[in-house]
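# Architecture at a glance
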Amino acid sequence: MPDAIQSAPIAPPAIIALIGLGQMGLPMAARLILAGFQVHGADPSETARALFEQGGGKAFADAAQAAKGASAIITMLPNGKIVRDVLLGANGIAPRLPKGTLIIDMSSSAPTDTTSLAAELAPFGLPLLDAPVSGGVKRAIDGSLAIMAGGPEVEVERAGPILQAMGKSIFATGPTGSGHAMKALNNYVSAAGLIAASEALLVGRSFGLKPDTIVDVLNASTGRNNSTEVKMKPFVISEAFNSGFSFALMAKDLRIAADLATHLGLGIPQIAAVARLWEEAKGKLKPDADHTEIYRYLAEAFDNGPVQG
Ligand code: NAD
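Residues numbered from 1 in each chain as written. Predicted model: local features only at pLDDT ≥ 70, side-chain atom pairs only at ≥ 80, totals over all residues. Heavy atoms only, no water.

### A closer look at the overall build of the chain
Secondary structure assignment for the chain yields 15 helices and nine strands. Whereas a compact globule of 309 residues would reach a radius of gyration of roughly 19 Å, the chain reaches 20 Å, a difference of no more than 12%. Each principal axis of the C-alpha distribution contributes one length, and for the chain these read about 65 × 45 × 35 Å. In the chain, once contacts between residues fewer than 6 apart in sequence are set aside, the share between residues at least 24 apart is 66%. In the form shown here, the chain has an accessible surface area of approximately 14200 Å², with 58% of it arising from carbon and sulfur atoms. Between the averaged position of the 25 positive side-chain charges in the chain and that of its 28 negative side-chain charges there is a distance of 2 Å. (Helix = DSSP H or I, 4+ residues; strand = E, 2+ residues; numbered from the N terminus. Rg over C-alpha atoms; globule rule 2.2 N^0.38 Å. Contact = heavy atoms within 4.5 Å. Areas by Shrake-Rupley, 256 points an atom, 1.4 Å probe, with all protein chains shown as cover. Lys, Arg positive; Asp, Glu negative; His and termini not counted. Charge placed at Lys NZ, Arg CZ, Asp CG, Glu CD.)

Pasting the structure below:
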């Protein structure tokens, strides 16, 4: 149980509460369990809770129950509004947590909301780290995520064993909110790369190039990027569209990146254009579409054909 002043790293077998057992939360919890932490998970989804218990965790429908005895609370939720609600909403857990409990928001939240959240948690004696991740489900499973941690250095150090259990590259990015800013910028670059690769595939195919040849040449050439390397063949050319990262979550990240540029008074045209394209496409695709379905949207938009499918 945390005291008022904490500085020692939070190490196994400490209890960690992980709120949000979705595509990412589940495998991240599995890495924490593997490292020797006792993990309490909370999620409204019965299926998610059952999967979590099969993996050795202790599941709760209620975040407050999961948080009992925890030294740190990790949130891995769809967005920062839900994170705030879990902590400070009508049934928020923050007022019930012992002072010094470390809150780590690993969701991809908006950096300006994160700085406000840190200020709201401070009177409860609850330090906040923003520590979003990159690498997708595959790297969550093998514990090799990139983690960008924003917040006081002492708290980044305290979170060290927790973050090391889930990630391979851990960056202290600076003050509170800087991790979330970095994450939104990363996903802008990632989405722009996916759009470029998708458009090259569409044009190349129309010209008569074989899809696999296009990707093989890009991967051996200067056009190589993360999408050409890990997304185009398994998820796009195969038409599986099942990367595990939803279209809606990517649209949210791009909106955060575009809003950040606007907030800073920067009229950056490509960030705004990519965010707009993603929003338009989201309106045409099914609500549970995978983010790699931007290819389907672009393909059908080229032909003016139906997109919902
Ligand atoms: P997901 O939709 O699969 O999982 C979210 C989980 O949160 C769901 O199981 C949902 O039931 C649960 N949830 C919703 N409200 C809740 C509440 N009030 N209390 C407890 N649980 C609640 O999403 P995901 O793909 O795991 O992504 C989670 C976060 O990580 C998002 O912010 C996303 O942008 C980010 N992210 C995702 C990926 C990816 O590849 N999927 C990669 C990097 C970052």
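Don't stop here, the text continues.
### Here we look at the nonpolar core
Proteins that are soluble and globular tend to have nonpolar side chains buried together. Core analysis: the largest hydrophobic core is formed by 36 residues, its most contacted members being L254, W278 and I294. Every element with two or more residues in this core is listed here: helix 9 (178–207), helix 10 (211–219), helix 12 (232–237), helix 13 (247–263), helix 14 (269–284) and helix 15 (294–303). With eight residues, helix 9 is the single largest residue contributor to this core. The next biggest cluster of nonpolar side chains, apart from the first, holds 34 residues, and it includes M24, M28, V133 and I147. (Core = buried A, V, L, I, M, F, W, Y, C linked by side-chain atoms within 4.5 Å. Buried < 20%, exposed > 50% of the residue type's maximum accessible area, 1.4 Å probe, protein only.)

### Notes on a nonpolar patch on the surface
A cluster of nonpolar side chains, contributed by L264, L266 and I268, occupies part of the molecular surface with about 270 Å² of accessible area. Following the sequence through the fold, I268 ends up in the loop between helix 13 and helix 14. (Patch = residues over 30% accessible without salt bridge, like charges linked within 9 Å, V, L, I, M, F, W, Y side chains within 5 Å. Salt bridge = Lys/Arg side-chain N within 4 Å of Asp/Glu carboxyl O.)

### Things to note about the environment of F171
One can find F171 in strand 9 (residues 167–174). When the C-alpha atoms of F171 and I103 are compared, they prove to be 17 Å apart, with 68 residues separating the residues in sequence. In this view, F171 contacts I147, M148 and A149; residues no more than four positions away in its chain are not counted.

### Topic: the site of the ligand
In the region of the ligand, 24 residues are neighbours, and Q23, M24, D43, L77 and K252 sit closest. At 3.0 Å from an oxygen atom of the ligand is found a main-chain nitrogen or oxygen belonging to S108. Within the contact set of the ligand, a nitrogen atom lies 3.0 Å away from a backbone nitrogen or oxygen of G244. Protein chains bury 81% of the 830 Å² of accessible surface belonging to the ligand in isolation. (Near = heavy atom within 4 Å. Polar contact = N/O pair within 3.5 Å; in protein donor to acceptor, adjacent residues only side chain to side chain.)

### Observations concerning the UniProt feature "active site" (unreviewed entry) in the chain
UniProt's feature table lists "active site" (unreviewed entry) at K183, given in the numbering used throughout. Examined against the element boundaries, K183 turns out to sit in helix 9. K183 sits in the buried class, given a relative accessible area of 7%. With near-sequence residues (within four places) excluded, K183 lies in contact with S108, P132, V133, S134, M148 and D253. In this structure the side chain of K183 is engaged in a polar contact, spanning 2.9 Å, whose partner is the backbone oxygen of V133. (UniProt positions renumbered as here; feature names shortened; annotations may be inferred.)

### Quick notes on the UniProt feature "domain: 6-phosphogluconate dehydrogenase NADP-binding" (unreviewed entry) in the chain
Summarizing the sequence annotation, UniProt attributes the feature "domain: 6-phosphogluconate dehydrogenase NADP-binding" (unreviewed entry) to residues 16–174 in the numbering used throughout. For residues 16–174, the end-to-end C-alpha separation is 24 Å, with 40% helix and 25% strand making up the annotated structure.

### Observations concerning the pattern of salt bridges
Opposite charge on two side chains permits pairing when their charged atoms draw close. The final tally for this structure, using the stated rule, is ten salt bridges. Residue E279 is joined to R255 by a salt bridge in which the shortest nitrogen-to-oxygen separation is 2.8 Å. Of this pair, E279 sits in helix 14 while R255 sits in helix 13, and the two are 24 residues apart along the sequence. Residue classification places R255 among the partly exposed residues on the basis of a relative accessible area of 30%.

### Things to note about the domain arrangement of the chain
When its domains are assigned, the chain resolves into domain 1 (3–175) and domain 2 (182–301). Relative to domain 2, the C-alpha centre of domain 1 lies at a distance of 28 Å. Listed per partner, the contact involves 14 residues of domain 1 and eleven residues of domain 2. Where domain 1 meets domain 2, there are zero salt bridges. (Domains from an automatic or database assignment.)

### Digging into the packing of helix 4 (residues 80–88) against helix 5 (residues 111–121)
Direction vectors running N to C along helix 4 and helix 5 enclose 5°, while the axes themselves pass 11 Å from each other. What the angle tells us is that helix 4 and helix 5 run roughly parallel. Taken together, the residues of helix 5 that come into contact with helix 4 (itself represented by K81, V83, R84, L87 and L88) are D113, L117, E120 and L121. The class makeup of the residues in the contact of helix 4 with helix 5 is five nonpolar, no polar and four charged. (Axes fitted to C-alpha atoms, helices over the stretch in contact; angles between N-to-C directions. Parallel < 35°, antiparallel > 145°, perpendicular 65-115°, else oblique. Nonpolar A, V, L, I, M, F, W, Y, C, P; charged D, E, K, R; others polar.)

### Focus on the side chain of D290
Its location among the elements puts D290 in the loop between helix 14 and helix 15. For D290, the side chain forms a polar contact with the side chain of S243, separated by 2.9 Å. Within the structure, D290 has its side chain in polar contact with the backbone nitrogen of G244 (distance 3.1 Å). When neighbours within four sequence positions are excluded, D290 is seen to be in contact with F241, N242, S243, G244, F245, S246 and F247.

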